[in-house]
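# Results of the structural survey
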Amino acid sequence: MKSAKAILDLMSFFVQVVKNVVQAMDGFGTVYDARSLEAYIETQTKALGVLMFETCWRIRMQDRPVPVSRPCACGYTLHHKGVRPREMRTVLGQMTLDERHYFQCDHCGTVEYWGDELRGASDFSQLAEDRIAFMGKDGAFDDAAKALKHLGLIELASSTIRAVCERLGERLRARTDHQAAQQHCPENVPAEEKPVGLGISVDGVMLGRIDPQHRRRGSKEHKVPGKTALKHFFHEVKTLVIFEFNRRGETLRKTYQATQERVEDFREKVALEAQKRGVQTAQLLVFLGDGAPWVWKTASELFPKAIQILDWYHAMEHVWAVGRAKFGTREKELWAWVKVRETELWDGNVKAVIAAVKVISAELGAPDQTLSETARAVDRAWIAYRNIGYFEDNCQRMNYPEYRAKNLPIGSGVVESACKHVVASRMKHAGMRWDETGAENILALRCHYLNGRWDSLWEQKVAV
Ligand SMILES: [Zn+2]
C-alpha cells in the first residue's frame, strides 16, 4: 500500500506545518512583525502545497495502468522504454514528476512521454508559465523578474523569463500557422462573433533589430551597450487591428496581429483574424489604411466589398509633414496652416488641401533628383512634392462627411493605438533591440493577450 504510506507522510507534514505556524505566532512582536509573519505562513503553506501536489499526482499516476505501447504518428508503434523523472517548477515550489514514462518509436525514433500533462512548454508548470509570461509580455524582462520575486511567485533570471515567453509565443505562432493553413475550410476556424460592422486596419511601425548572429544568450533583453559595434537596423512590423462597430459608430472589441513577415504571409494572418471576427456575416465592412500601395492591394484582394477609407490619423500626419516642411519650427504659422487644412479635410474638400500642398511644393522648388532615397525622406521639397501624389491618389478614400453621416469609423484613435499598444509600448524602449525570432514570438504573445484569448494558451497541444 504505497499510497497509504504517502498519505500518512503528507498528513504528518501537515501536522508539522501547523506546529510551525503556532510557534511562529508566539514570536509575533519579537521574532516576527506583521509582514514577516504572513510571509512565513505563506512559505509554510506553499511547502505543504507542493508536497500535496506531488504526492497526490504520484498516487493518481500509479493508479493508472501504464500502456505497453501506443500508436505513433508515423503509423508504427511507440514502445514503453522506461521511467524518466523530471523536476518541474510550480507556483508553489519545485516538485518531481516521477511517474513520467517514456515511449519511443523504433521506426522513426519519436519520443513521447506519458504522465507529463502538468508541464507547460518548458520545465515549468502551466500556471507558473502563465504567470511568468503574463509579467513578461508587458515590460522589460528585468522588471518582470523583480516583480515576480517581490510578489513571492517565483525567483528567476530575466533570461529565463525571456525564454519562457518566447517558447509560448513560438507555440502560439505554430497554432496560428496551423489555423492559417486550414482557413479555406471555415468550419475549422469558427467565427467568435456576428458583428454589425467590422473595421479592418493595417499599418506599419519600425522596430529596432539586431543581427541574429550577435544575439547573446543571457544578455539583458538584447540591450546593446553604448560602445559595442553590434549591427543593428530598423525593420518594419506590420500591424493589424480588427474592431467591431455598431450602428451608432461606437467601437467595440478590438483584436490585433503584428508581424515582421513579408506582405504575403501577413495577408494570411489578416484573412485568418478577419474570419475569426466574423467577416463573412458583417453587414458593414470598412478597410482603413495609410496610403501605401500594398495596403490597398491587400484590401481589394481580400475584401473586395469593403469600403476603403484613408484613416484620419494618417491623413493628418501627412498634413503635418507638409506643414513642417514649409514652416519648420515656426509653430504659430504651422498650427494656423494645419488647422485650415484639417477643416478642409473634415469637410471633404480634398481639392483645397491638394491646392495648398501644391502652393507649398512650388515655393520649396523642384525636388533634387540626385538625392538618395534616405535623403529624400527628410528633404523638404521632396516631402511636399510627394504629398501632392499622396492626396491625389487617395482622394476617393477621403470622403469624410459621407463616412460620418453613415456612422462609419474613420480610424482616428484605433489605428494609432494598434502600433502603440502592441509594439511600441513593449518593444520600443530606449536601446531595446530584438532579433527577428525573439520579436516575432513576443509579438504573438502580446497579441494573444490583447485579443482576450490568454486563457486559451494551453487549449490545444501543438508540437513545436
Ligand atoms: Zn514512429
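In what follows, the structure referred to is the one given above.
What comes next is a walk through the structure. Every chain is numbered on its own, with residues counted from 1 as its sequence reads. Restriction of local features to residues with pLDDT of at least 70 applies here, the model being predicted, together with a cutoff of 80 or more for giving and counting side-chain atom pairs; totals for whole chains, interfaces and linings are based on all residues.

## A look at the overall build of the protein
Each helix corresponds to a stretch of at least 4 residues labelled H or I by DSSP, and each strand to a stretch of at least 2 residues labelled E; elements are numbered beginning at the N terminus. Along its length, the protein carries 15 helices and eleven strands. Looking at the protein residue by residue over its 464 residues, the buried ones come to 32%. Here the contact rule is simple: place C-beta atoms from the backbone, and any two residues whose C-beta atoms are within 7 Å are in contact. The contacts in the protein between residues at least 6 apart in sequence include a share of 68% that link residues at least 24 apart. Here the C-beta atoms are placed from the backbone, and a residue counts as buried if at least 20 other C-beta atoms lie within 10 Å of its own, exposed if 12 or fewer do, and partly exposed otherwise.

## Concerning helix 10 (residues 350-364)
Between its first and last C-alpha, helix 10 extends 21 Å over 15 residues, near the 21 Å set by a 1.5 Å rise per residue. Among all positions in helix 10, only Val350, Val353, Val357, Ile360 and Ser361 are buried. The buried residues of helix 10 occupy an angular sector of 100° when the element is viewed end-on, so they sit on one face. Facing away from the buried surface of helix 10 by more than 90 degrees, the exposed residues are Lys351, Val359, Ala362 and Glu363. In this structure, the buried side of helix 10 is in contact with helix 8 (312-327), helix 9 (331-346) and helix 12 (380-393). Expected helix span is given by 1.5 Å per residue-to-residue step, counting one fewer step than there are residues. Arc definition: it is the arc formed by the directions from the helix axis to the C-beta atoms.

## Describing the sheet that holds strand 2 (residues 77-83)
The strand order across the open sheet built from four strands is 1-2-5-6, with neighbouring strands paired in antiparallel fashion. In this open sheet, the two strands that pair with only one neighbour each are strand 1 (69-71) and strand 6 (111-114). Sheet twist, expressed as the mean angle between neighbouring strand axes with direction ignored, is 35°. Pairing of strand 2 with strand 5 (residues 101-105) involves five bridges; the strand directions are antiparallel. Each bridged residue has a counterpart across the sheet, and for Gly82 the counterpart in strand 5 is Tyr102. Strand pairing is defined by DSSP finding a minimum of two bridges between the two strands. Note on geometry: axes are lines fitted to C-alpha atoms, helical ones only across the stretch in contact, with angles between N-to-C directions running from 0 to 180 degrees.

## Overview of the environment of Ala133
Considering the arrangement of structural elements, one finds Ala133 in helix 3 (residues 126-136). C-alpha of Ala133 to C-alpha of Glu166: the two residues are 33 residues apart in sequence and 8.8 Å apart in space. In contact with Ala133, other than residues within four places in its own chain, are Val164, Cys165, Leu168 and Leu445.

## Section: unusual backbone geometry
Located in the positive-phi region is Asn407, a residue other than glycine, with phi close to 60°. Along the chain, Asn407 falls in the loop between helix 13 (400-405) and helix 14 (413-427). Here Asn407 falls in the partly exposed class, since 14 other C-beta atoms lie within 10 Å of it.

## Points about the nonpolar core
Proteins that are soluble and globular tend to have nonpolar side chains buried together. Buried Ala, Val, Leu, Ile, Met, Phe, Trp, Tyr and Cys residues form a nonpolar core when they are connected through C-beta atoms within 7 Å. Counting 80 residues, the largest nonpolar core has Ile132, Ile161, Val164, Leu168, Val422 and Leu443 as its most contacted members. Excluding residues within four positions of it along the chain, Leu168 makes contact with Ala121, Glu129, Ala133, Leu445 and Leu457.

## Quick look at the packing of helix 6 (residues 263-276) against helix 7 (residues 293-302)
Running from N to C, helix 6 and helix 7 point in directions that differ by 45°, and their axes come no closer than 11 Å. Taken together, the axes of helix 6 and helix 7 are oblique relative to one another. Seen along the crossing, helix 6 lies across helix 7 with a hand that is right-handed. Between helix 6 and helix 7, the residues in contact are Val263, Arg267, Val270 and Ala271 and Trp294, Thr298 and Leu302, respectively. The residue makeup of the contact of helix 6 with helix 7, split by class, is five nonpolar, one polar and one charged. Convention used here: angles under 35 degrees read as roughly parallel, angles over 145 as roughly antiparallel, angles from 65 to 115 as roughly perpendicular, and any remaining angle as oblique. Should the near helix be turned counterclockwise from the far one by less than a right angle, the crossing is left-handed, whereas a clockwise turn marks it as right-handed. Each residue gets one label: Ala, Val, Leu, Ile, Met, Phe, Trp, Tyr, Cys and Pro are nonpolar, Asp, Glu, Lys and Arg are charged, and the others, such as Gly, are polar.

## Some points on the pairing of strand 11 (residues 307-310)
Both faces of the sheet carry side chains from a regular strand, because those side chains alternate between them. Judged from the four bridges that link them, strand 10 (residues 284-289) and strand 11 form a sheet pairing that is parallel. Its bridge partner being in strand 11, Val286 is matched across the sheet by Ile307. Classification remark: right-handed applies to a crossover when, strands pointing away from the viewer, the course from the first strand over the helix to the second runs clockwise. One crossover worth recording links strand 10 to the parallel strand 11 by way of helix 7, and it is right-handed.

## A look at the packing of helix 8 against helix 10
Between helix 8 and helix 10, whose axes approach to 10 Å, the crossing angle comes to 35°. As for how helix 8 packs across helix 10, the hand of that crossing is left-handed. Residues Val322, Ala325 and Lys326 of helix 8 form the contact with helix 10, whose own contacting residues are Val357, Ile360 and Leu364. Classifying every residue of the contact of helix 8 with helix 10 by side-chain character gives five nonpolar, no polar and one charged.

All quantities given are derived from atomic positions and should not be read as evidence of function.
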